[in-house]
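The primary structure of each chain is shown beneath.
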Amino acid sequence: MKRVLSGIQPSGQLTLGNYIGALRNYVLLQEEHDCFFMVVDLHAITVPQEPAALKEQTESVTALFLASGLDPTKSNIFLQSHVRAHAELGWLLTTLTYMGELERMTQFKDKSSGKESIGAGLFTYPSLMAADILLYGTNLVPVGDDQKQHLELTRDLANRFNQRFGETFPIPEPFIPKVGARIMSLDDASKKMSKSNPNAGSYIAMLDGPDVIRKKLSRSVTDSGREVKYDLAAKPEISNLMSIYASCSDLSIQQIEARYEGQGYGPFKKDLAEAVVATLEPIQQRYRDIRSSGELEAALRSGAEQASAIADKTLREVKARMGFVLP
Ligand code: AMP
Ligand code: TRP
């Protein structure tokens, strides 16, 4: 059985893109693999977070993990900050990471460009991410394209450690799930749908109510034509909406094309909205139940215990190999 690990930052509201591209795949993965899914709150603070908002978002994202179908009896679900070994191995790996490697990271360049003061944690972010992954002897890391460079650095650090201090870490592989299109922004099909976009009309949040979803989709940008046809180069906006529709229904792209032939965008957008509402409504119902019960706290407590047992063992081995005097 392969070990799978991934993390999502609690830095805003999760979107339909997170659900289709990440959470839904995690739910499938937990049936076949030994899975670790965490909310990476230590990573979230690499950019300023308002404390009350961080707390609310962390609880909300974790509750959405559970509401989407992640099952604490099948997967290890936990908060990064609940397992102290992350911060500690993060530091140890920071000392093995070269400045030049961190300077090349495109996420750092993007997030720091134009900013006056940049926290050092934003720079060393990838070393902490490597620690997240290596602590559990992870084999597969389901992530989007934008994280591949971080994963490559994780692999380099694992190899470097193994060469210097002896074989310790398996080398993790990125895992790009079979299902899970890249969902693009509703106002600009060249950008991915993202919780950090300041324009809330550009994304559908997993917690948006039915009317908000209908409104956002009816206002979503399209070309001036009227043909519901999948063509990423010529019709990126409609193609994106079709991917969303296919992901939220049992229709294929071809079936969607056939169904709306000659009808223009109106009826297509209306049905699309209903498909998205039907996908998110049961999750939202479960979310409300989870937040009003003690389920979240119990799941996090047992998740942290299980994860800590494994992580502490790895950390001890790492420290012994590096020459620390063990307590
Ligand atoms: P992020 O929200 O960028 O921190 O990403 C968390 C996870 O959700 C990663 O695995 C991403 O690949 C996935 N994800 C985020 N946005 C999208 C999107 N628009 N389409 C597909 N997957 C996404
Ligand atoms: N950097 C990832 C992102 O922004 C989040 C993350 C942190 C992560 N630690 C991880 C993803 C470990 C996979 C594995 O999406």
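Residues numbered from 1 in each chain as written. Chains lettered and ligands numbered in written order. Predicted model: local features only at pLDDT ≥ 70, side-chain atom pairs only at ≥ 80, totals over all residues. Heavy atoms only, no water.

1. So, the packing of aromatic side chains
Point 1. Tallied over the full model, the rule gives 10 aromatic pairs.
Point 2. Both rings, one in Tyr26 and one in Phe37, keep their centres 4.3 Å apart while their planes meet at 10°; by these two values the pair is stacked. One end of the pair, Tyr26, is in helix H1 (residues 16-29); the other, Phe37, is in strand S2 (residues 34-39), with 11 residues separating them in the sequence. Assigned by exposure class, Tyr26 and Phe37 land together as buried.
Point 3. Relative to Phe268, the ring of Tyr245 has its centre 5.9 Å away and its plane inclined at 40°; by these criteria the two rings are tilted. One end of the pair, Tyr245, is in helix H10 (residues 236-247); the other, Phe268, is in helix H12 (residues 265-291), and 23 residues separate them in sequence. (Phe/Tyr/Trp six-rings, centres within 6.5 Å; stacked < 30°, edge-to-face > 60°. Helix = DSSP H or I, 4+ residues; strand = E, 2+ residues; numbered from the N terminus. Buried < 20%, exposed > 50% of the residue type's maximum accessible area, 1.4 Å probe, protein only.)

2. Remarks on the site of ligand 2
Point 1. Taken together, 13 residues lie around ligand 2, and Gln9, Tyr125, Met129, Asp132 and Gln147 are the ones closest in.
Point 2. The contact in question runs from a nitrogen atom of ligand 2 to an N or O atom on the side chain of Asp132, over 2.7 Å.
Point 3. The contact in question runs from a nitrogen atom of ligand 2 to an N or O atom on the side chain of Gln147, over 2.9 Å.
Point 4. For ligand 2, whose free accessible area comes to 370 Å², the fraction covered by protein is 90%.
Point 5. Breaking the shell around ligand 2 down by element, the ones donating at least two residues are strand S1 (3-8) and helix H7 (120-134).
Point 6. The dominant element in the shell around ligand 2, judged by the number of residues it contributes, is H7, at 4 residues.
Point 7. Taken together, the residues of the shell around ligand 2 sort by class into 7 nonpolar, 5 polar and 1 charged. (Near = heavy atom within 4 Å. Polar contact = N/O pair within 3.5 Å; in protein donor to acceptor, adjacent residues only side chain to side chain. Areas by Shrake-Rupley, 256 points an atom, 1.4 Å probe, with all protein chains shown as cover. Nonpolar A, V, L, I, M, F, W, Y, C, P; charged D, E, K, R; others polar.)

3. Re the packing of helix H3 (residues 51-67) against helix H13 (residues 295-322)
Point 1. Orientation of H3 relative to H13, taken along the N-to-C sense of each, is 85°, at an axis distance of 10 Å. Between H3 and H13, the angle falls in the class roughly perpendicular. Contacts between H3 and H13 pair Glu59, Thr62, Ala63 and Leu66 from the former with Leu296, Ala299 and Leu300 from the latter.
Point 2. Split by residue class, the contact of H3 with H13 holds 5 nonpolar, 1 polar and 1 charged. (Axes fitted to C-alpha atoms, helices over the stretch in contact; angles between N-to-C directions. Parallel < 35°, antiparallel > 145°, perpendicular 65-115°, else oblique. Contact = heavy atoms within 4.5 Å.)

4. Considerations on the site of ligand 1
Point 1. Around ligand 1 there are 12 residues in total, and Asn18, Ile183, Lys192, Met193 and Lys195 lie nearest to it.
Point 2. A distance of 3.2 Å is found between a nitrogen atom of ligand 1 and a backbone nitrogen or oxygen belonging to Gly17.
Point 3. The backbone of Gly144 places a nitrogen or oxygen atom 3.1 Å from an oxygen atom of ligand 1.
Point 4. Protein burial of ligand 1: of its 470 Å² of free accessible surface, 87% is covered by the chains.
Point 5. With 4 residues, the top contributor of residues to the shell around ligand 1 is H1.
Point 6. Classifying every residue of the shell around ligand 1 by side-chain character gives 5 nonpolar, 4 polar and 3 charged.

5. Topic: the domain arrangement of the chain
Point 1. When its domains are assigned, the chain resolves into domain 1 (3-176 + 294-322) and domain 2 (200-288).
Point 2. If you average the C-alpha positions of domain 1 and of domain 2, the two centres end up 31 Å apart.
Point 3. If you look at the interface, domain 1 gives 16 residues, while domain 2 gives 14 residues.
Point 4. Note on domain 1 versus domain 2: buried area summed over both sides is about 1,300 Å², and carbon and sulfur give 69% of it. (Domains from an automatic or database assignment. Buried area = accessible area lost by both parts, 1.4 Å probe.)

6. With respect to the pattern of salt bridges
Point 1. Taken as a whole, this structure holds 16 salt bridges when the rule is applied.
Point 2. Of the charged contacts, one joins Lys192 and Asp146 as a salt bridge, the two residues approaching to 3.2 Å between their closest N and O atoms. Here the residue Lys192 occupies a position in the loop between strand S5 (173-175) and helix H9 (210-218), and Asp146 occupies one in the loop between strand S4 (140-142) and helix H8 (148-165), the gap between them amounting to 46 residues.
Point 3. According to the relative accessible area criterion, Asp146 is partly exposed, its value standing at 38%.
Point 4. Among the ionic pairs, Arg214 bridges to Asp211, the shortest N-O distance being 2.9 Å. You can see Arg214 and its partner Asp211 sitting in helix H9, 3 residues apart, about one turn around the helix.
Point 5. Residue classification places Arg214 among the partly exposed residues on the basis of a relative accessible area of 32%.
Point 6. Linked through salt bridges whose partners overlap, the residues forming this network are Glu56, Glu59 and Arg291. (Salt bridge = Lys/Arg side-chain N within 4 Å of Asp/Glu carboxyl O.)

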